[in-house]
Structures are given as C-alpha cells and as structure tokens.
Amino acid sequence: MWFKQASFFILDKGNIPDTASISAALSGMPFTHCAGLDWFSEGFADAVSFEQAPVFKAGNTASIALKREDKVLPAAVVRDLLDEKIAKIADEEGRNVGRREKQELKEQITDDLLPRAFTKTSRTEAVVDYKRGLLIVDSASAKVAENLLVKVREALGGLNAKLPATKQSPSSLMTGWMLQGACAGRFEFDSSCEMRGAGDVAPVVKVAKQDLTAEEVVRHLKAGKTVTRLGLVWNERIAFVLNDDFTLRSIQYLDTIQEAAQDEGEDSASLAAASQILMVEALGEMMEELSGLLGGWND
C-alpha cells in the first residue's frame, strides 16, 4: 500500500471506532455488481487481496477500500439508435417526431441497452491513523474523498471528521518559503510549483524541473502571485506536491522507506502490514509537522 495521492480528514481521536466495530459496520454495506437498470453500484470490498475482510489492521492503522462499478453506455450508440427510430417513424407514419417523444424514445432505448452495457470498476482506498486521529484517502479529489467519507459515515451511523484547517493557510506558508529561498523544519524544495495571480481571470504560472530559488521564478512572487502548489521533499523520506487545500499529489516514497518495508516483509501479509505502517507513519508525521508550522489545527 503506497498512496500516490492523499486527502486528509481530522478525526475525533478519542472517539474513533475500533477495527472490530468498523469491520462489522462495513460488512453490512458490501460491494455488489450493478443490477439491471442501475447506472452504478458501490460498497466496501476486501481491504487487501489476500484476506477476505473489509478492514486490514496493521499496528495503529486500519485500511479500508470502497469499490464502485459504473455502467458505460456511449452517447453515440444511443444517438444512432434514436436517429434510426425517428427515421423509421417519419418513413412509416409520415410525421415528424416532437421533442417530448424524442426524449421518451431516448429513455426507452437507454433502458433497453443498460442491462447489456459494459462496466468499469474503480477502487478508493483509505487508512485510519489511530495515533494521530487522521483518515487518509488515496485521492486528491475532494469529490472522491468526501464520497468515501459519506459511505463510511453511512455504515457506522456517523463519524466525527472534518477537513484540515490551520491558523495560517498553506498558500501563505508556501509563498513565504519561496520568497525566503528556503523551507522550514525538515522540508526542502523539490523542483516544481504553481503560482497564481489575483483577479477574475487570474494568470497561472507553472514551473517544472527548475531551481525554485532562481530569480526568474521568485520574480513572479514579487509581482504579487501566490503559490498554490509546491513540490517538496520531507525528511529525505517522501517527495510530493503540496496543494493549497492540504491535498498531496505525485507522492514518491524514497529508497530509505521502501527498503525498510522490504526488510520487514517476508510474505504478502507482512509486507502489506509493513508498507501500511511506514506509509502512514511518514504521511502522518509529515502532516503533524506541517500543521505545527502553520500554527496548529483549528478547533
């Protein structure tokens, strides 16, 4: 388990359900395939491939997985069949088809095709960090992360979770670091960033594979732009892009952390457990330090 993206929710540390309770709750909302006229279906699947259980516990962490299946019905297929029906009516009945009848025909065609439509599946994983009171979702999409949280709340009958917010904004901190030419704590610049100007039609400058302390980069900030994304390396363990909404993209786990997981993993289960623990420890400790540099989490 190595998340390539991450969204974070702050949990009420003293009231996080234990793994047995979570497992029992998620078992009541299992993934099932789409029924005949359903466009999609989603539910909780096995957390890991080698164990039939909705929760995989490793140390002070617990991972889960929400699986989704969507019907795929190309609009062009529906449109071609609709055109054929309209042409047949015009030919056989000698009349035009009105807007309302076209819509009814389209719905009929869709209902006929839906049970035979192709399907595509997706999977959203998440892990609970009991030590720090975090829910970490393997996605930088607010829609995907919040959907998983909604489903977890539905299964558990509620869960106290909120988006991260600090005294200082990530954008302000990232902008300050780049103006100073150095990061604080155990953070270092990587080689990419995104800067945005003000106004209704805000200019955006993207920098990649470049020294972020170079004068031509910093000049944009001195002209009034702010940093919205910044490539960082933390503690020589993980490289990532920090977004101004606290999400992470393009996460890379450097050799030291991956080698540590391999040293612990003698089989699939032990390797998965070691990877999960080390990943959560790195992401959780990094976020803990970042929140401190931002003035701490808001109550």
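Look above for the structure.
About the thresholds
- Residues numbered from 1 in each chain as written.
- Predicted model: local features only at pLDDT ≥ 70, side-chain atom pairs only at ≥ 80, totals over all residues.
- Heavy atoms only, no water.
- Core = buried A, V, L, I, M, F, W, Y, C linked by side-chain atoms within 4.5 Å.
- Buried < 20%, exposed > 50% of the residue type's maximum accessible area, 1.4 Å probe, protein only.
- Helix = DSSP H or I, 4+ residues; strand = E, 2+ residues; numbered from the N terminus.
- Contact = heavy atoms within 4.5 Å.
- Expected span 1.5 Å × (residues − 1).
- Polar contact = N/O pair within 3.5 Å; in protein donor to acceptor, adjacent residues only side chain to side chain.
- Phe/Tyr/Trp six-rings, centres within 6.5 Å; stacked < 30°, edge-to-face > 60°.
- Lys NZ or Arg CZ within 6 Å of the ring centre and 35° of its normal.
- Pairing = 2+ DSSP bridges.
- Axes fitted to C-alpha atoms, helices over the stretch in contact; angles between N-to-C directions.

Undergrad: Explain the nonpolar core to me, please; I cannot follow it from the model alone.
TA: Here is a general trend for soluble globular proteins: nonpolar side chains tend to be buried in one another's company. Grouped together as the largest cluster of nonpolar side chains are 44 residues, with contacts concentrated most on L230 and F240. Here the element with the most residues in this core is helix α8 (residues 268-293); it accounts for eight residues. Apart from the residues within four sequence positions on either side, L230 is in contact with M174, W177, M178, F189, S192, C193, L212, F240, V241 and L242. M29, L66, A126 and A161 belong to the second largest nonpolar core, which has 23 residues in total.

Undergrad: How should I be thinking about helix α2 (residues 75-93) in this particular structure?
TA: Owing to its 3.6 residues per turn, the α-helix brings residues three or four apart onto one side. Here α2 is 19 residues long and its end C-alpha atoms lie 26 Å apart, about the 27 Å a rise of 1.5 Å per residue gives. Buried positions along α2 lie against α3 (99-113). Phi turns positive, to about 60°, at G94, one or two residues after α2.

Undergrad: Is there a simple way to explain the side chain of T61 in this structure?
TA: Note that T61 resides in strand β4 (residues 61-72). At 2.5 Å, the side chain of T61 and the backbone oxygen of A58 are in polar contact. Not counting the four nearest positions on each side in its chain, T61 is found in contact with F56, V127, V128, Y130, Q276, I277 and V280.

Undergrad: What should I look at first to understand the packing of aromatic side chains in this one?
TA: Geometry of an aromatic ring pair is reported as the spacing of the ring centres plus the angle between the planes. What the rule picks out here adds up to four aromatic pairs. On the basis of an interplanar angle of 55° and a centroid distance of 5.6 Å, the ring pair of F246 and W297 is categorised as tilted. Here F246 is found in the loop between β11 (238-243) and β12 (248-253), whereas its partner W297 is found in the segment after α8, with 51 residues between them in sequence. On the basis of relative accessibility, which here comes to 26%, the residue W297 falls in the partly exposed class. Lying across the ring of F40, R68 places its NZ or CZ 4.0 Å from the centre.

Undergrad: Just to check I follow, could you spell out the sheet that holds strand β9 (residues 204-208) for this structure?
TA: Consider a sheet: its strands pair through backbone hydrogen bonds, and that pairing is either parallel or antiparallel. With respect to topology, five strands assemble into an open sheet ordered β9-β8-β10-β11-β12, the strand pairing being antiparallel. Here the strands that pair on one side only, and so sit at the sheet edges, are β9 and β12. The mean angle between the axes of side-by-side strands here comes to 15°, regardless of whether they run parallel or antiparallel. Sheet topology places strand β8 (residues 187-196) next to β9; five bridges connect them, and they run antiparallel. Residue pairing in the sheet places S192 in a bridge with A208 of β9. Its contacts with the sheet place helix α5 (residues 170-180) against β8, β10 (226-234) and β11, and it is angled at close to 75° to β10.

Undergrad: Where do I start with the pairing of strand β2 (residues 40-44) in this structure?
TA: Across the five residues of β2, four count as buried, placing the element largely inside the fold. When β2 meets β4, the two strands line up antiparallel, connected through five bridges. Looking at β4, one finds that G43 is bridged to K67.

Undergrad: Just checking my understanding: could you explain the environment of I257 for this structure?
TA: Along the chain, I257 turns up in helix α7 (residues 255-264). Among the residues examined, I257 registers a relative accessible area of 3% and is labelled buried. Taking the C-alpha atoms as reference points, I257 and S275, 18 residues apart in sequence, are found 8.7 Å from one another. With residues up to four places along the chain from it excluded, the contact list for I257 reads W2, R237, L278 and A282.

Undergrad: Looking at this model, I keep getting lost on the pairing of strand β6 (residues 134-137). Mind explaining?
TA: Side-chain positions along a regular strand alternate between the two faces of the sheet. With burial as the criterion, each face of β6 is covered, one bearing L134 and I136 and the other bearing L135 and V137. Relative to β6, strand β1 (residues 7-11) is paired through four bridges, and the arrangement is antiparallel. Each bridged residue has a counterpart across the sheet, and for F9 the counterpart in β6 is L135. As paired elements, strand β5 (residues 118-129) and β6 share four bridges and run antiparallel to each other. Residue A126 lies in a different strand from β6, and its bridge partner there is V137. Hairpin geometry of β5 and β6 is characterised by an intervening segment of four residues between the two adjacent antiparallel strands and by a positive phi of about 70° at G133.

Purely geometric numbers; function is a separate question.
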